[in-house]
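# Residue-level structural notes
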Amino acid sequence: MVNTLTRIGFLATLLYWQGAVLAAPPTDQVEELIQDLAAEKGYPTQTLRELLQGASRSQLVIDSLNRPAETIHTWKTYRPIFLKQNRIEEGVAYWEKHRETLERAQAIYGVPPEIIVAIIGVETFYGKRPGTISILDALYTQAYHYPKRYQFGRSQLKAFLQILMEERMEPAMAVGSYAGAMGTPQFIPTSYLSYAVDFDGDGKRDIWGNDADVIGSVANYFSKHNWREGEAVALPVRAVEPGHPYYVEPAQRATPPDKPLADLAQVGIVTGPTPVTTDAKATLLHLQGAEGAEFWLGLDNFYVITRYNHSNLYAMAVYQLSQEILALKNGSAS
């Protein structure tokens, strides 16, 4: 990550100048955050104040929070965004370029390459579209100018300040999504602190410009959320009509698997052998696809994908992209 890590002294000077031309955050609320972080980590309060003087309210962030993609799309319109041929082909190219790193990540964490690659492909088109919004502004806006996101914004802003201090990073280089997700894998700050790894051993956890760290961090994230090595992710099943005891309406937000496969098989929803144990559980998913209703079983690993983003649409896009990438790679290798 060239030119993204600098000494804190320079960083404080830069942000002090920025603070001179930007409106300072609300003193009482921000000061409480500063004092909390200083007490917990021992950081100088003046340095934290200078860092936060560079923050400003973003109307773009507020507008984006009011219309998240997963809530305005059905599967019919959401799927084509990510299941495009160029994204599939770029996924194969990314896999081939980083084959050894992906294999090492699979050996350590148990997560297959196609899932890691698909996450990176959905999030930022393999690092090519990491976002352009200042993370400092995005989190400050959520904490102090968007009441529904106050708790999230404050906790993530606190974590982001910790990253700036510990990684000696310029906040100007930390750009990403309106929600505050950062780098190639789009980790929010608390996820960075918990799951980012230095996968190439260079002493830095660089999810902005180091693909080894990106791959290792994504794999570690899934491992820590209980990815089940070798198990399936999702299975298509026959349609379930309204009035059936197991019928479900389309739902955006994911829920943990709660229906025993044995029960689903008994009522004919599952037919034929399944690549998981008979005592496994699943979530019945109803998606509004291009050709009408689609019904799927989301297994434990499907739910793990939703820990990255709690949308069923997101998890299905990742899963189906992973299968398309795997199929093309296997086809091109044969």
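Residues numbered from 1 in each chain as written. Predicted model: local features only at pLDDT ≥ 70, side-chain atom pairs only at ≥ 80, totals over all residues. Heavy atoms only, no water.

### Some points on the overall build of the protein chain
Quick reminder of the rule: We count a stretch as a helix when DSSP gives it H or I for four or more residues in a row; a strand needs E for two or more, and each element gets its number in order from the N terminus. The contact criterion used is simple: two residues touch if any of their non-hydrogen atoms lie within 4.5 Å. For accessible areas, the Shrake-Rupley method is used with a probe of radius 1.4 Å. Any residue's cover is judged against the shown protein chains and nothing else.
Looking only at helices and strands, one finds 16 helices and 6 strands in the protein chain. Within the protein chain, contacts between residues at least 6 apart in sequence are counted, and of these 72% link residues at least 24 apart. Carbon together with sulfur atoms contributes 50% to the accessible area of the protein chain, which is approximately 15300 Å² in total.

### Things to note about the nonpolar core
Short version of the rule: Residues belong to a common nonpolar core when they are buried Ala, Val, Leu, Ile, Met, Phe, Trp, Tyr or Cys residues joined through side-chain atoms within 4.5 Å. Exposure is judged per residue with a 1.4 Å probe applied to protein chains only, and the accessible area is read against the type maximum: over 50% gives exposed, under 20% gives buried, and values in between give partly exposed.
By size, the foremost hydrophobic cluster in this structure holds 79 residues, and its most contacted members are Leu48, Ile116, Phe222, Ile305 and Met316. Among residues more than four places away in sequence, those in contact with Met316 are Trp75, Ala234, Leu285, Leu287, Trp296 and Phe302. Counting residues in each nonpolar core, the second largest holds 16 residues, with Ile269, Val270, Ala282 and Leu297 among its members.

### Observations regarding the sheet that holds strand 4 (residues 259–260)
This is how it is decided: By this definition, two strands are paired if DSSP reports at least two bridges between them. Axis geometry follows a simple rule: fit a line to the C-alpha atoms, using only the stretch in contact for helices, then measure angles between N-to-C directions, giving values from 0 to 180 degrees.
One open sheet holds the 4 strands; their spatial order is 3-6-5-4, and the pairing between them is antiparallel. The sheet terminates laterally at strand 3 (234–237) and strand 4, the two strands that pair on one side only. As paired elements, strand 4 and strand 5 (residues 281–289) share 2 bridges and run antiparallel to each other. Across the sheet, residue Lys259 finds its bridge partner in strand 5, namely Ala282. Together, strand 5 and strand 6 (292–298) form the strand contacts of helix 6 (residues 75–82), whose direction differs from that of strand 5 by roughly 95°.

### Some remarks on the packing of helix 8 (residues 99–109) against helix 9 (residues 113–124)
To be explicit about the condition: Handedness of a helix crossing follows the sense of rotation of the near helix relative to the far helix, less than a right angle counterclockwise being left-handed and clockwise being right-handed. When residue character is reported, Ala, Val, Leu, Ile, Met, Phe, Trp, Tyr, Cys and Pro are called nonpolar, Asp, Glu, Lys and Arg charged, and the others, Gly included, polar.
Two elements in contact, helix 8 and helix 9, have axes whose closest approach is 9 Å; the angle formed by their N-to-C orientations is 115°. Between helix 8 and helix 9 lies a crossing of right-handed hand. Across the interface between the two elements, Leu102, Ala105 and Gln106 from helix 8 touch Pro113, Ile116 and Val117 from helix 9. Looking at the contact of helix 8 with helix 9 residue by residue, the class counts come to 5 nonpolar, 1 polar and no charged.

### Observations concerning the packing of aromatic side chains
Our working definition: Within 6.5 Å between ring centres, the rings of Phe, Tyr and Trp (the latter by its six-membered ring) count as paired, and their orientation is classed by plane angle as stacked under 30 degrees, edge-to-face over 60, tilted in between.
Overall, the coordinates contain 15 aromatic pairs when judged by the stated rule. A ring pair is formed by Tyr78 and Phe82, whose centres lie 5.1 Å apart and whose planes are at 55°; its orientation type is tilted. With Tyr78 and Phe82 both in helix 6 and 4 residues apart, the pair spans about one turn of that helix. With a relative accessible area of 2%, Tyr78 lands in the buried category. With a centroid separation of 6.4 Å and 80° between ring planes, the pair formed by Trp296 and Tyr319 is classed as edge-to-face. Placement of the pair is Trp296 in strand 6 and Tyr319 in helix 16 (residues 312–333), with a sequence separation of 23 residues.

### Some points on the packing of helix 10 (residues 135–144) against helix 11 (residues 150–167)
Axis separation between helix 10 and helix 11 bottoms out at 7 Å; the angle between their running directions is 145°. The way helix 10 lies across helix 11 gives a crossing that is left-handed. Note on element contacts: helix 11 touches helix 10 through Tyr150, Phe152, Gly153, Arg154, Gln156, Leu157 and Phe160, opposite Ile135, Leu136, Leu139, Tyr140, Gln142, Ala143 and Tyr144.

### Re the pairing of strand 5
Within strand 5, 7 of the 9 residues are buried, which leaves it mostly tucked inside the rest of the structure. Here strand 5 runs beside strand 6; their pairing, made up of 7 bridges, is antiparallel. Within strand 6, the residue paired with Gln288 across the bridge is Ala293. Counting the residues that bridge the hairpin from strand 5 to strand 6 gives 2 residues.

### Description of unusual backbone geometry
The backbone of Tyr126 shows a phi angle near 65°, a positive value even though the residue is not glycine. By the element assignment, Tyr126 lies in the loop between helix 9 and strand 1 (133–134). A positive phi is found at Arg168, a non-glycine position, where the angle reads about 50°.

### Overview of helix 6
Note the cut-off: The reported arc concerns the directions from the helix axis to the C-beta atoms and nothing else.
Within the sequence span of helix 6, burial applies to Trp75, Tyr78 and Phe82. Summarising the axial view, the buried residues of helix 6 lie within an arc of 70°, below the 170-degree limit, and thus occupy one face.

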